[in-house]
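Chain residues, written in single-letter form:
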Amino acid sequence: MTSSLTRSTCPYCGVGCGITVHRTGTRNAMLAGDEAHPANRGRLCSKGSMLGETIGLEGRLLHPIVNGERVSWAQAINEVAARFSKTIRDHGPDSVAFYVSGQLLTEDYFVANKLMKGFIGSGNIDTNSRLCMSSAVAGHKRAFGEDVVPGCYEDFEEADLVVLVGSNTAWCHPILYQRLLAARARRGTRIIVIDPRRTPTCDEADLHLPIRPGADLRLFNALLCELADRGATNNDYVREHTIGMAQSLITARQDHASMSETAKACGISEAALETFITWFAQTPRAVTAFSMGINQSSSGVDQVNAIINCHLLTGRVGLPGMGPFSITGQPNAMGGREVGGLANQLAAHLDFTPSDCELLGRFWSVDRLACKPGLKAVDLFEAIHSDKIKALWVMATNPAVSLPDANRVRSALEKCEFVVLSDCMERTDTAQYADVLLPAAAWGEKEGTVTNSERRISRQRAFLDLPGEAKPDWQIICDIASAMGFQRGFAYGSPADIFREHAALSGFENGGRRVFDIGGLAHISDVEYDDIKPFQWPLAFDAASGTKRLFADGRFATPDQRACFVPVSEAQTDHVNTPDFPLMLNTGRTRDQWHTMSRTGLSATLSAHEVEPIADIHPEDGLAAKIDDGGLAILETPHGRGVFRARYCERQRKGSVFAPIHWSDVNAAQSVVGRLVHPVCDPISGQPAFKHSALRLKPARPFWKAFMLSSDMINVTKADYWSRSRIKGGYLHELAALDAAIPMPGLADYISCDLPAGEIVEMNDASQGVFRQARLEQGRLTHCLFATRAGTLPPRDWLVTLLDQNDLDEGKRRWLLAGRPAGEATGEGHLVCACMGVRSQKIIVAIEEGHLTNVREVGEATGAGTNCGSCRSDIRKLLDNMQKDAAA
Ligand code: SF4
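In this text, all values refer to a predicted model and were calculated from it rather than measured experimentally.

1. Focus on the overall build of the protein
Helices and strands together make up the secondary structure of the protein, namely 29 helices and 34 strands. In terms of overall dimensions, the protein is globule-like: its C-alpha atoms have a radius of gyration of 27 Å, near the 29 Å expected for 888 residues. Summarising its shape, the C-alpha atoms of the protein cover approximately 80 × 70 × 55 Å along the three principal directions. Per-residue burial over the protein gives 65% buried out of 888 residues. For the protein, the exposed area adds up to about 30700 Å²; of that, 50% sits on carbon and sulfur atoms. The average position of the 93 basic charges and that of the 104 acidic charges among the side chains of the protein differ by 1 Å.

This is the structure in C-alpha cells:
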C-alpha cells in the first residue's frame, strides 16, 4: 500500500461523489473532493469531508466469531456452509435467505445474488435498498419497461424549473443541491419544494407546498388534469410514443374535481396550487426529482407513476433539463438494482420470465436457477416467524434498527435458527442476534464499483490495509459458496473477474432489448478495470462511451417501445389516526449522520451537530401534550415506544412529528425509531411506509437529569434515558431517570475500577439537588458528571473542549465545576458548520460586530456555509433570531 493519490467514491449517499485520498499513516489519510469526478467536481458535503475521522479501527470486527468465541476463518466458513447446506437439504432452498445492503459494492452484490438465485435456487435475497427506492424501480418498470433513470445531474443545471418532491435535498444529497443552486444563480432556475415539512431545502425555494402527508398522488393527478385542460399536452409525443393517456386522465379526474377541492384536500392554498401548475405548464425544461417522501409510502409506486405521467404528457423525458428523476439514498442502491439485489429481479435487469430465466440459467450453466421472486424485506423477516425461513445471512446492514416494526424484527432474529452477520463493525444491534459474525472489509479497504443516481458507475478503491482478519465481502461469499460445493461458479480471483462477468451478462443476447448493457467492458484487463473512469451506463459492446440521457428519441424499453401512462388514483392513506393516536410520525435523516451511525457516529465533528435523538414537534402539538421545548418526550405508536429530546419546530406541519432514523441501542437507551414505525408496505414494491405512522405524544418528566463526559467508552447504567455521542477525546452522555427508583448517580457508578484513583473534585448541594463531580488524572480531565433534580445544566461546549486538553491550567480547573470559563456566560456554542468547524458563538459575534445581514456575509466573515452549504439554513436561523431579538 503506497501513500500515492487514490481516487475513490464516497460511501454515503446516492450522489456518488468522487474523492481523492492521500494516505498519511497506517490508518490516516487526507481526503478531498475529486475535481475530475463529474458528480461533484471537487466538492464534498460534511459527511464526505469527515470520512478521515471514521477510518480508524474503533469498534471494528476483526476476527470471525462463532457463538461468541473467536474462531479461524476455516471454522467460520465451514460452520456457515454446513448450516446453510443442511437447512436447504432438510427444508428446501426457500428456507434460507440473504438480507443485503446498498453499502455492498456491485461485485459483492453480484456474487451474493448469484449464490442465492443461481446456485441455492431461491429468490430469497433482498436488500435494504428495498427501504429507500424500490417504489421508484417499480414505477420505472411500469412506465418505461425497465428500471431506468432517464436523465442525469446536468439536467438539474439545464432546467428552468426543478420540482423537489419529498426530498430534503439540501441535507440528504447536498452536493447535487449545491449544483442546482449554482446553476440557479446563473440562469434563475425556479425551485419548487413539495414537502409537509419546511425543511432546509425550502429555504431557497421559490414556492413551498407544505402538503398534507400522503397527498402527493392527488397533487400530481391534479397537475395531469390541468396540463391537459390548459393545452400543455405534447400531442405528437403522446400519440407516437406512449399508450394509456386517456384512461390515466379519466382516473386522475376522479381525484381532481376542482382547483379549490384539490387545494383543500392537499392542505395548501389554491393560489399555491395555481402557481405550481402554471409554472410547470409554462416551463418546458422541468425536472421533477423525488426521493424518500415519495417512495416510502403505501402508494409509493403509484406516486412515482403520477409524476412520470405528467412528464409523459408534456413529452419531457430524457431531454436536456427535462425529466422525472429518482434520487437514491444509498451509495450503491443502483448497483444492487443492476445485479438483481432485489428479491423480485434477476441480474442484469432480467425478470422472472421463462425466457429470462432460461437465458440466465444458460449463462451461468446452472439448472436450479430460482424461477420465482423471493420474499421482500418485511415479508422476509415475517417468514422467520412463520418458520419458513430458518437460516439468514445479513450483510453490511442493521435490520434490528432500520426495518419497520423493529421489535418484531428483533424477535424474528432471536427466533431464527441460524443468523450470520458479515459486517465491518462488531457492536451493532443486529450483531447481538448473530450466531456467526464475519469480519468484512470497510470503505477504503475494498475494491469494486458503485453506481450513483444518474447511472454513473465509479470505482471504489482501497488505500488502507485490511485490518485483523477482515476480508472483502465478495471473497467471504465466494469462500462460503465454495464450501457449499459451488466452487465452479465462484472461482474468482479478484473483483475485476466478477465485474467482467457482470458486464458480459449485461450484454449477453441483449441486442438492445435491455437498456442496462455494459457489455463494452466485458473483456477489460485488470489494469483497465483498475483505471475505470466514472461513466454512465449503458455502454454497449460497440459503444465508444457511456450514455448521458436515455429515451430522448421517445423509444422505450417496452415491447412496443412506447412508454406507458399508468392510471393511478389516491388510495387509502398509510396511516390510520385514531383518537388514541392522533398524530403522525415521519422519519428520516439528519444533516450529518448516516444510517445507524456505525461510521458517522465515530466522527466527533459530525456528532456535534445533534448530540441526542431529537424529535421535531410543532409547538402547538408540544403544548397540547404538555411537553416542554427541550424536555423529554415519549413517542408511542401501536408498535412501539421511544424517548426523544423534544424540539419545538415551527417548520413541522401541525400534527406531524419528525424523528431521526439514526439512533440504535448502541448509542441511546430508547430511541430506535424503527420500533415505532408500522410495517405497512406498498403492495407492488414492498417498500415500507416510513413517513406515516399513527402516533401519540406524552411528556417524560425526569426525576433527575445529567450529562457526563468521559475519555473512555462507558457502559451506561443507572439511567433509563441516555444517549452517547462522540466528542474530541471521548464521549458525551446525556442521562436522565424516568423511574423514581433510580438514584442520582456519581462518577463512581461509571468509572472502571481498573483506572487509577485520580483526583476527584466535587460540588454537592443536596438542598438544591445539584451534584457535580470531575475526575482528573495527571492534570487531564478524564470524566465529569453534572446532575440536577430540578435545575438546569450548563452548556456542554466549553467542558467538551477540556476533555481534549493535556494539562488544565489553574484557571480552568477553578471553573471546571461551574461548567463555563471565568467571566463568560457561554462557551463556543453548538456546531453550525461541520465542514469548516464553525460554532454558533463565533457566528453570533461576527453578526453583531460586523452588522451582518445575510448568509453570504456570514460566510465571508467566518467561513461557515462556504463548503457544502447544508448548514446555511442554520445560519439563517441564527440571523433571523438575532434580527427578531433586535426588533423586540
Ligand atoms: Fe458523500 Fe455528501 Fe457526496 Fe453524498 S453528497 S456522496 S454524502 S460527499
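Structure shown, so let's carry the discussion forward.
2. A look at the environment of Leu 793
Relative to the helices and strands, Leu 793 resides in the loop between β32 (780–788) and α25 (797–802). Relative accessible area serves as the criterion here: at 17%, Leu 793 is assigned to the buried category. Put simply, Leu 793 and Ala 864 are 71 residues apart on the chain and 28 Å apart in space, counted from C-alpha to C-alpha. The residues contacting Leu 793, other than those within four sequence positions of it, are Lys 705, Ala 706, Phe 707, Phe 786, Ala 787 and Thr 788.

3. Quick notes on the packing of aromatic side chains
Tallied over the full model, the rule gives 20 aromatic pairs. On the basis of an interplanar angle of 90° and a centroid distance of 5.3 Å, the ring pair of Tyr 99 and Phe 381 is categorised as edge-to-face. On the criterion of sequence distance, the pair formed by Tyr 99 in strand β6 (residues 96–100) and Phe 381 in helix α17 (residues 377–385) is long-range, its members being 282 residues apart. In textbook terms, an aromatic cluster arises when at least three aromatic residues are bridged by ring pairs, as seen for Phe 84, Phe 98, Trp 393 and Phe 418.

4. As for the sheet that holds strand β2 (residues 18–25)
Strand pairing within a sheet occurs via backbone hydrogen bonds; the two strands may be parallel or antiparallel. In spatial order, the strands read β1-β2-β3; together these three strands make up an open sheet with antiparallel pairing. Of all the strands in the sheet, the pair left with one neighbour each is β1 (5–9) and β3 (28–33). With strand direction ignored, the average angle separating the axes of adjacent strands in the sheet is 35°. Alignment of β1 against β2, held across five bridges, turns out to be antiparallel. Its bridge partner lying in β2, Thr 9 is registered against Gly 18.

5. Focus on the sheet that holds strand β28 (residues 721–727)
The strand order β28-β29-β27-β32-β31-β30 describes an open sheet built from six strands, whose pairing is antiparallel. Edge positions in the open sheet fall to β28 and β30 (759–765), since each of these has one partner strand only. Strand-to-strand twist of the sheet, defined as the mean angle between neighbouring strand axes without regard to direction, takes the value 10°. As paired elements, strand β27 (residues 704–710) and β32 share six bridges and run antiparallel to each other. The residue of β32 that forms the bridge with Met 708 is Leu 785.

6. A short note on the environment of Ile 125
By the element assignment, Ile 125 lies in strand β7 (residues 125–127). On a C-alpha basis, the gap between Ile 125 and Arg 218 in space is 34 Å, while along the polypeptide they are 93 residues apart. In this structure Ile 125 touches Phe 98, Val 100, Ala 112, Asn 113, Met 116, Lys 117, Gly 340, Gly 341, Leu 342 and Ala 343, once residues within four positions along its chain are discounted.

7. Some points on the domain arrangement of the protein
Its domain assignment divides the protein into domain 1 (5–54), domain 2 (65–132 + 332–491), domain 3 (134–326), domain 4 (583–700), domain 5 (704–818) and domain 6 (831–887). Computed from C-alpha atoms alone, the centre-to-centre distance between domain 4 and domain 5 is 26 Å. Counting residues at the interface gives 20 residues for domain 4 and 13 residues for domain 5. Taking both partners together, domain 4 and domain 5 bury about 1300 Å²; carbon and sulfur atoms supply 60% of that area. Contact with domain 5 buries area across many residues of domain 4, yet Ala 604, Val 611 and Ala 669 alone supply 30% of it, more than any other trio. Applying the counting criterion to the domain 4 and domain 5 interface returns zero salt bridges. For the interface between domain 4 and domain 5, the tally reads five residue pairs in polar contact (both at pLDDT 80 or more). Looking at the side of domain 4 that touches domain 5, the elements that each hand over two or more residues are α23 (604–607) and β24 (641–648). In terms of residue class, the side of domain 4 that touches domain 5 is built from 11 nonpolar, six polar and three charged.

What counts as what
- Here the residue numbering is sequential within each chain, running from 1 through the sequence in written order.
- Side-chain atom pairs in this predicted model are given and counted only at pLDDT of 80 or more, local residue features only at pLDDT of at least 70, and totals for whole chains, interfaces and linings cover all residues.
- Computation of side-chain values covers all heavy atoms of the structure but excludes hydrogens and water.
- Runs of H or I in DSSP of at least four residues are treated as helices and runs of E of at least two as strands, each being numbered from the N terminus.
- With C-alpha atoms as the basis for the radius of gyration, the globule rule is written as 2.2 Å multiplied by the number of residues raised to the power 0.38.
- Throughout, exposure labels follow a simple rule: accessible area from a 1.4 Å probe, protein chains only, divided by the maximum for the residue type, with under 20% read as buried, over 50% as exposed, and the rest as partly exposed.
- Here the open area of atoms and residues is found with the Shrake-Rupley method and a 1.4 Å probe, where only the protein chains shown may cover a residue.
- Two residue types count as positive, namely Lys and Arg, and two as negative, namely Asp and Glu; His and chain ends fall outside the count.
- All charge positions are set by atom: Lys at NZ, Arg at CZ, Asp at CG, Glu at CD.
- Whether two residues are in contact is decided by their heavy atoms, any of which lying within 4.5 Å being enough.
- Paired rings are identified among Phe, Tyr and Trp, the last through its six-membered ring, by centres lying within 6.5 Å, and are further divided according to the angle between planes into stacked (under 30 degrees), edge-to-face (over 60) and tilted (the rest).
- Paired strands, in this sense, are two strands between which DSSP finds at least two bridges.
- To obtain each axis, a line is fitted to C-alpha atoms, and for helices this fit is confined to the stretch in contact; angles are then taken between N-to-C directions over 0 to 180 degrees.
- Throughout the structure description, domain borders are defined by an automatic or database domain assignment.
- Summed over both partners, buried area is the accessible surface (1.4 Å probe) that two parts give up on being assembled.
- Any Lys or Arg side-chain nitrogen located within 4 Å of an Asp or Glu carboxyl oxygen qualifies as a salt bridge.
- For this analysis, a polar contact is any N or O atom pair within 3.5 Å, provided that within protein one partner can donate a hydrogen and the other can accept it, and provided that sequence-adjacent residues contribute only side-chain to side-chain pairs.
- Residues are grouped as follows: nonpolar covers Ala, Val, Leu, Ile, Met, Phe, Trp, Tyr, Cys and Pro; charged covers Asp, Glu, Lys and Arg; every other residue, Gly included, is treated as polar.

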